[in-house]
Amino acid sequence: MDGYSISQVAQRTGFPASTLRFYEQSGLVRPERTPAGYRSYDDHHIELLSFIGRAKGFGLSLDEIQGVLEAEDND
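All values derive from a computational prediction rather than experimental measurement. (Residues numbered from 1 in each chain as written. Predicted model: local features only at pLDDT ≥ 70, side-chain atom pairs only at ≥ 80, totals over all residues. Heavy atoms only, no water.)

Undergrad: A description of the side chain of S40 should follow, citing residues and the corresponding values.
TA: Inspection of the secondary structure puts S40 in strand β2 (residues 39-40). Residue S40 is classed as buried on the basis of its relative accessible area, which comes to 12%. Setting aside chain neighbours within four positions, we find S40 in contact with D2, G3, Y4, P31, E32, T34 and H45. (Helix = DSSP H or I, 4+ residues; strand = E, 2+ residues; numbered from the N terminus. Buried < 20%, exposed > 50% of the residue type's maximum accessible area, 1.4 Å probe, protein only. Contact = heavy atoms within 4.5 Å.)

The following block contains the structure:
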């Protein structure tokens, strides 16, 4: 499998797998899926999750983080 599994990403980022699933449901992170249906994350996802962690550390809500990410996508 190319990319990282959810357990590998959880270990690398410090986010529990349940939080990663929640972020996916919220639309913050959109991992690819393998043919078997497993989530597959890449280095971009790791960087994105690192940003989310830092933003939460500064006190931003998930809605505010989503707004920042959308603004970045529009640039």
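Now that the structure has been shown, the text picks up again.
Undergrad: Account for the nonpolar core, naming residues and giving values.
TA: L20, Y23, L28, V29, L49 and I52 are the most contacted members of the largest nonpolar core, which totals 16 residues. Counting only elements with at least two residues in this core, the list comes to α1 (6-13), α2 (17-26), α3 (43-57) and α4 (62-74). When residues of this core are assigned to their parent elements, the largest contribution, five residues, is made by α3. Excluding residues that lie within four positions of it along the chain, L49 makes contacts with V9, T13, F15, L20, Y23 and V29. (Core = buried A, V, L, I, M, F, W, Y, C linked by side-chain atoms within 4.5 Å.)

Fair warning: the whole summary comes from geometry, so function is off the table for now.
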